[in-house]
Amino acid sequence: RSLARLDASAIETLQLAAVTGREFRLEALVATGAVDEPDLSNQIDQALTIAVIEPTGVPGQYRFRHAKMQEALLDGLSTGRRASLHGLIAVAAERRWGARTADRASRLALHFGESASLHPEHVPKAIYYSFLAGTQAEAAAGWSEAVRHYARCRELLADAPEAAVREAGVDEADLHILLGRAAK
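Keep in mind that what you see is a predicted model, and the values were worked out from it rather than measured.

Mapped onto the fold, L26 is located in helix α2 (residues 26-31). Separated by 34 residues in sequence, L26 and G60 place their C-alpha atoms 5.5 Å apart. If sequence neighbours within four positions are ignored, L26 has contacts with L40, I44, G60 and Y62.

Compared with the 18 Å implied by 1.5 Å per residue over 13 residues, the 19 Å span of helix α3 (residues 37-49) between its first and last C-alpha is a close match. Those residues of α3 that fall on the buried side of the exposure criterion are L40, Q43, I44, Q46 and A47. For α3, the buried positions fall inside an angular range of 155 degrees around the axis, keeping them on one side. Facing away from the buried side of α3 by more than 90 degrees, the exposed set consists of P38 and T49. Elements that come into contact with the buried residues of α3 comprise α1 (8-20), β1 (23-25), α2, β2 (53-55) and β3 (61-64).

Inspection of the secondary structure assignment puts R82 in helix α5 (residues 79-97). For the pair R82 and S115, spaced 33 residues apart in sequence, the C-alpha to C-alpha distance is 8.0 Å. In contact with R82, not counting residues within four places along its chain, are V19, L74, D75 and L77.

In this section: the packing of aromatic side chains. Enumeration according to the criterion identifies 5 aromatic pairs in this entry. Ring geometry for Y128 against Y129: centres 5.0 Å apart, planes inclined by 70 degrees, an arrangement best described as edge-to-face. Judged by relative accessible area, which is 37%, Y128 ranks as partly exposed. Judged by its relative accessible area of 3%, Y129 falls in the buried class.

One pass over the full model with this rule turns up 10 salt bridges. The salt bridge involving R25 is made with E27; its shortest N-O contact spans 3.6 Å. In the salt-bridge network here, residues are joined through shared partners; they are E23, E54, R63 and R65.

With that out of the way, let us pick up the sheet that holds β3. Overall, antiparallel pairing links the 3 strands, which are arranged β1-β3-β2 in an open sheet. Two strands in the sheet have a free side with no partner beyond their single neighbour: β1 and β2. Geometrically, the sheet is characterised by an average inter-axis angle of 30 degrees between neighbouring strands, direction not taken into account. Both β1 and β3 contribute to a ladder of 3 bridges, which runs antiparallel. Each bridged residue has a counterpart across the sheet, and for E23 the counterpart in β3 is R63.

Definitions and limits used
- Residues numbered from 1 in each chain as written.
- Predicted model: local features only at pLDDT ≥ 70, side-chain atom pairs only at ≥ 80, totals over all residues.
- Heavy atoms only, no water.
- Helix = DSSP H or I, 4+ residues; strand = E, 2+ residues; numbered from the N terminus.
- Contact = heavy atoms within 4.5 Å.
- Expected span 1.5 Å × (residues − 1).
- Buried < 20%, exposed > 50% of the residue type's maximum accessible area, 1.4 Å probe, protein only.
- Arc of directions from axis to C-beta.
- Phe/Tyr/Trp six-rings, centres within 6.5 Å; stacked < 30°, edge-to-face > 60°.
- Salt bridge = Lys/Arg side-chain N within 4 Å of Asp/Glu carboxyl O.
- Pairing = 2+ DSSP bridges.
- Axes fitted to C-alpha atoms, helices over the stretch in contact; angles between N-to-C directions.

Shown next as structure tokens:
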């Protein structure tokens, strides 16, 4: 009910934020190019007024007050629109993070992976970041997370065109060995 009190542009911005995650930074939303920056302050004020979001204490960073609010915003998106937003977030994040992308492989794997079904050009990056996130999780003894990333990488590889597999630079045999090791 409270979402109905927001104008359409505020809902669109909050949907983008919801796809970003439970917490989000305004600069990340702006970086996607999907937000009208001059209106952003008004949209955030609307959401704060009706307690959809709250500040985290870090300037320019907010979180959804309740996971149910975030879920309601996500439920209002078509599958195609959600995939498109994941793609915008992935491309903007990779550009923003530059040389530090490896540190955020898990986030990039999520966004490129969710976008890959609609954007075939994102398939190689989804494969690459899923593989990288798996190796990082394995190195930190996060076995279940490693298995999850490796399994997603395997799914992506199975459906990917040969050119995307070559571009990703992930060897399928190595992936199966790593997946088996992490699953033990």
